[in-house]
Amino acid sequence: PQWPGRGHAAASHVSAAVAENLCFWFRGDNFYMSDGSRVVALGASEMKSIIEDIDPQYYNRIWGTTYPLEGWYMAGIPNASGTITQVVAYNYRSGDWHTMSWHASLGAPTIMAPVPDEDSKPVMYAAHEVGDGHIYQFGVGDDDAGFAITYSLRTKNYGFDKEDSLKFLKDLQVLVSTTSV
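Procedures and definitions
Residues numbered from 1 in each chain as written. Predicted model: local features only at pLDDT ≥ 70, side-chain atom pairs only at ≥ 80, totals over all residues. Heavy atoms only, no water. Phe/Tyr/Trp six-rings, centres within 6.5 Å; stacked < 30°, edge-to-face > 60°. Helix = DSSP H or I, 4+ residues; strand = E, 2+ residues; numbered from the N terminus. Buried < 20%, exposed > 50% of the residue type's maximum accessible area, 1.4 Å probe, protein only. Core = buried A, V, L, I, M, F, W, Y, C linked by side-chain atoms within 4.5 Å. Salt bridge = Lys/Arg side-chain N within 4 Å of Asp/Glu carboxyl O. 1 Å grid on protein atoms, 1.4 Å probe; cavity = no way out; pocket = protein on both sides within 12 Å on 5 of 7 lines; lining within 4 Å. Points joined across faces, edges and corners; volume = space filled by probe spheres on them. Nonpolar A, V, L, I, M, F, W, Y, C, P; charged D, E, K, R; others polar. Pairing = 2+ DSSP bridges. Axes fitted to C-alpha atoms, helices over the stretch in contact; angles between N-to-C directions.

**Q** Looking at this structure, I do not really get the packing of aromatic side chains. What am I missing?
**A** Within this structure, the stated rule accounts for nine aromatic pairs. For the pair Phe24 and Tyr92, a centre-to-centre distance of 5.3 Å together with 35° between the ring planes defines the contact as tilted. Here Phe24, found in strand E2 (residues 22-26), pairs with Tyr92, found in the loop between strand E7 (84-91) and strand E8 (96-100); they are 68 residues apart in sequence, far enough to count as distant. You can call Phe24 buried: its relative accessible area is 0%. Aromatic side chains Phe26 and Phe31 sit 4.9 Å apart centroid to centroid with 50° between the ring planes, which places their arrangement in the tilted category. For the pair shown, Phe26 and Phe31 are each scored as buried.

Next up, the structure:
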């Protein structure tokens, strides 16, 4: 339902994600979806206790991303100490909510994000709180199957030497064994 006279600001800016002309976000009282003309609250009865258990001081840690291959909006949910321990997924094609779990050696992802492959199709990667410091491809297990993960990064000087410039990329850290230019 739409909430006349109430704002639709996100309680966590990193909870916002877009896919298939839909925008998703967490507002503090619920998860929302908009197609640009209307706003719909998504929290079904099974989500009520999960949302109520989130400590407001950790709203800013809730991340969101979309996985268009499956039609999912996913969000990382912090526990009482602020650590992301649970991921919920909303299937925006069917309207169903699901919770996800991970192997205890990795824990829940602290962040997930799509990265375009060589054909510009999104491939989902995740970084985990408990794991070994590596980033893993979502949905393919917990190793790279012996294949190198290739990715290219092309950038330009964004004025890092100028204090008044808007900084789009402040820091990039990559752990690699080989590189090519």
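Next comes the rest of the write-up.
**Q** Honestly, the nonpolar core in this entry has me stumped. Any pointers?
**A** What tends to happen in soluble globular proteins is that the nonpolar side chains get buried as a cluster. The biggest cluster of nonpolar side chains holds 22 residues, and the ones touching the most others in it are Phe24, Phe31, Leu42 and Val88. Every element with two or more residues in this core is listed here: strand E1 (17-19), E2, strand E3 (31-34), helix H1 (45-52), strand E6 (72-78) and E7. By size, the runner-up hydrophobic cluster in this structure holds 13 residues, among which are Trp72, Val87, Ala126 and Phe138.

**Q** For this particular structure, what's the right way to read the pattern of salt bridges?
**A** Note that side chains of opposite charge can pair when their charged atoms are close. The full count for this structure, using the stated rule, is four salt bridges. Put simply, Asp35 and Arg38 hold a salt bridge, and the shortest N to O gap is 3.8 Å. When its relative accessible area of 38% is taken as the criterion, Asp35 is described as partly exposed. The salt bridge partner of Glu52 is Lys48, with a shortest N-O separation of 3.9 Å. One end of the pair, Glu52, and the other, Lys48, are both in helix H1, four residues apart, so they sit about a helical turn from each other. Take Glu52 and Lys48: they sit in the same class, and that class is exposed.

**Q** Even after reading the chapter, I still don't get empty space enclosed by the protein, so can you show me in this structure?
**A** Any empty space left between atoms is shown by rolling a water-sized probe over those atoms. For the structure on display, the rule yields one cavity of 30 Å³ or more. The volume enclosed by the largest cavity comes to roughly 30 Å³. Forming the walls of the largest cavity are Thr66, Tyr67, Pro68, Leu69, Pro114, Pro122, Val123 and Met124. Of all the elements in the fold, those that place two or more residues in the lining of the largest cavity are strand E5 (64-67) and strand E10 (122-128). Sorting elements by how many residues they give to the lining of the largest cavity places E10 first, with three residues. For the lining of the largest cavity, a count of residues per class yields seven nonpolar, one polar and no charged.

**Q** It is not clear to me how the sheet that holds E7 should be interpreted in this structure. Could you clarify?
**A** Each strand in a sheet pairs with another by means of backbone hydrogen bonds, the pair being arranged parallel or else antiparallel. Ordered by their spatial adjacency, four strands build an open sheet running E5-E6-E7-E8, and the pairing between neighbours is antiparallel. The open sheet has two free edges, formed respectively by E5 and E8, since each of these has just one partner strand. Pairs of neighbouring strands in the sheet enclose a mean axial angle of 25°, with direction left out of account. Of the strand pairs in this sheet, E5 and E6 are connected by four bridges, and their pairing is antiparallel. Within E6, the position partnered with Tyr67 by the bridge is Trp72.

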